[in-house]
Amino acid sequence: MRAFSLSVALLISAASAASADFASCVANLRSAATGAGVSGATFDRVMRGIEPDMRVIELMQNQPEFKTPIWDYLATLVDDQKVSEGRALIQQHASLLARIEQAYGVDRHAVVAVWGVESDYGNISGGRFLPQALSTAACFGPRRREFFRGELISTLKIIERGDLAAEKLRGSWAGAFGHTQFIPSTYLRLAVDFDGDGRRDLVDSIPDALASTANYLKRSGWITGASWGYEVKVPSGYSGPSGRTNKSPVDAWASRGITRLDGSAVSGLPAAGLLLPAGRNGPAFLVTRNFDAAYAYNAAESYALAISVLSDRLRGRPGIRTAWPTDDRGLSRAERKILQERLIARGYDVGKPDGAIGPLTRAAIKDVEAKLGMPQTGRPGGKVFDALR
Ligand code: CA
């Protein structure tokens, strides 16, 4: 009991210390913001009553227990549901997308693929109030406090310009918001008003959001009319150059024995690099500057590949044909949901079966793997999915 009271007392004193720290930190943020041209009145109005959200710091520090294999990442981001929804949206917004192609020279399939990967076509854009999340990260973050301070100031500028009301600025803990998941500084640089109402609204205006994505890709070096690349076959024992940034003319790849999957000659691409996302024993791709433009959106090759492959599937082309070097395939969101239902049927509490894999589902998978005599990975893969059939 004594120990309990003591720990409560410690918690209360830690909380009041944090709160005092936050108040003085916010005062410093105010000087930085007004120094950058934000009015004190805007700062005070938006920041009034804000308490730190320490969950943001937990999320910043959260190290995933293992790196997501690329086949898991792609299986959820480019699944049949995302393809069919994307194709329906391309139909629905055909004339808008044609005007965006005209204005920015970026094809509709790439724009809609970014939309699908970033926010699941506007369905998932994050619920954290940006001024709260960004001020917490700027005051208590274990790293990059200046970056978050800059993003908070950009957020206040967006509000001050009247582009978006403060209450609309909800997004991820790191400040990405709206259909396109731009962070506030990217918004200030690259968002456009495409519906002509005088405001750049990436939260409620699909024309503004999709045109802003096209603008981003264009400004990242998009080559109008060119492909991102395609899947290729690499000769066995190949020991030549590889890597996204190690680009050669397509003829040079042909002379190194690289062919299309059906064995025909590689052609019709600007300079390309040979991407081997899972090493020599997995799928291989020649990738152009348009792949790099997708990479610029979010600096991960797996991300750029998700955008590229989804854009192909939206065009009606096949996805990746070569098998990944694993005997335990990744699951689509629909399959993840079925896996959760199978775990629930076995008596596990995994929360609502929604296809999102959180700590409860991982723990249940580990437990059931042990019962089935399988290695305990906690990973939602094809083997445990099939074993619970
Ligand atoms: Ca607008």
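The structure displayed is predicted, hence computed values, not measured ones. (Residues numbered from 1 in each chain as written. Predicted model: local features only at pLDDT ≥ 70, side-chain atom pairs only at ≥ 80, totals over all residues. Heavy atoms only, no water.)

Looking at the sheet that holds strand E3 (residues 229–233)
Cut-off, in case you're wondering: Strand pairing is assigned whenever DSSP identifies at least 2 bridges connecting the two strands. Numbering of helices and strands runs from the N terminus, with a helix taken as a DSSP run of H or I at least four residues long and a strand as a DSSP run of E at least two residues long. We call two residues in contact whenever any of their non-hydrogen atoms come within 4.5 Å of each other. Axis geometry follows a simple rule: fit a line to the C-alpha atoms, using only the stretch in contact for helices, then measure angles between N-to-C directions, giving values from 0 to 180 degrees.
Pairing in this open sheet of 5 strands is antiparallel, and the strands run E4-E6-E7-E3-E5 from one edge to the other. At either end of the open sheet lies a strand with only one pairing partner, and these are strand E4 (243–248) and strand E5 (259–260). With 2 bridges joining them, E4 and strand E6 (residues 272–275) adopt antiparallel strand pairing. Residue pairing in the sheet places Ser-248 in a bridge with Ala-272 of E6. Helix H13 (residues 289–297) rests against E4, E6 and strand E7 (284–287) of the sheet, and its axis sits at about 155° to E4.

Examining the pattern of salt bridges
In plain terms, the rule: Note on definitions: salt bridges are taken to be side-chain nitrogens of Lys or Arg within 4 Å of carboxyl oxygens of Asp or Glu. Only protein chains enter the calculation, and the probe is 1.4 Å; a residue is then buried if its accessible area is under 20% of its type maximum, exposed if over 50%, and partly exposed in between.
For the structure on display, the rule yields 25 salt bridges. Between Arg-333 and Asp-120 there is a salt bridge; the shortest N-O distance is 3.3 Å. Placement of the pair is Arg-333 in helix H15 (residues 333–345) and Asp-120 in the loop between helix H7 (108–119) and strand E1 (128–129), with a sequence separation of 213 residues. Exposure remark for Arg-333: the relative accessible area of 18% places this residue in the buried category. Residue Asp-120 is classed as buried on the basis of its relative accessible area, which comes to 10%. For Arg-199, the salt bridge goes to Asp-197, with nearest N and O atoms at 3.8 Å. Judged by relative accessible area, Arg-199 falls into the partly exposed class, the value being 30%. According to the relative accessible area criterion, Asp-197 is partly exposed, its value standing at 43%. Among the charged side chains, a network of salt bridges with common partners joins Asp-79, Lys-82, Asp-120 and Arg-333.

So, helix H14 (residues 301–314)
Keep this limit in mind: Expected helix span is given by 1.5 Å per residue-to-residue step, counting one fewer step than there are residues.
The terminal C-alpha atoms of H14, which comprises 14 residues, lie 20 Å apart, in line with the 20 Å expected from a rise of 1.5 Å per residue. Listed in full, the buried residues belonging to H14 are Tyr-303, Ala-304, Leu-305, Ala-306, Ile-307, Ser-308, Val-309, Leu-310, Ser-311, Asp-312 and Leu-314. Contacts made by the buried residues of H14 are with helix H4 (70–77), helix H5 (80–92), H7, E6, E7 and H13. Directly beyond the C-terminal end of H14, a positive phi value near 90° is found at Gly-316.

Digging into the pairing of E3
With 4 of 5 residues buried, E3 is to be regarded as a mostly interior element. Inspection of the sheet shows E3 paired to E5 by 2 bridges, in the antiparallel sense. Its bridge partner lying in E5, Lys-233 is registered against Thr-259.

Let's talk about the coordination of the calcium ion
Threshold: Metal donors were taken as nitrogen, oxygen and sulfur atoms no farther than 2.8 Å from the ion, or 3.2 Å where the ion is Na, K or Ca. Water is excluded, so coordination may look unfinished.
Coordination of the calcium ion by the protein comes from Asp-193 (OD), Asp-195 (OD), Asp-197 (OD), Arg-199 (O), Asp-208 (OD) and Asp-208 (OD), over a distance range of 2.2 to 3.0 Å. Sequence spacing among the residues donating to the calcium ion works out to D-x1-D-x1-D-x1-R-x8-D. According to the relative accessible area criterion, Asp-193 is partly exposed, its value standing at 28%.

Looking at unusual backbone geometry
Although it is not a glycine, Asp-120 adopts a positive phi angle of roughly 50°. Even without being a glycine, Arg-144 presents a positive backbone phi close to 60°. Tracing the sequence through the fold places Arg-144 in the loop between helix H8 (130–140) and helix H9 (145–161).

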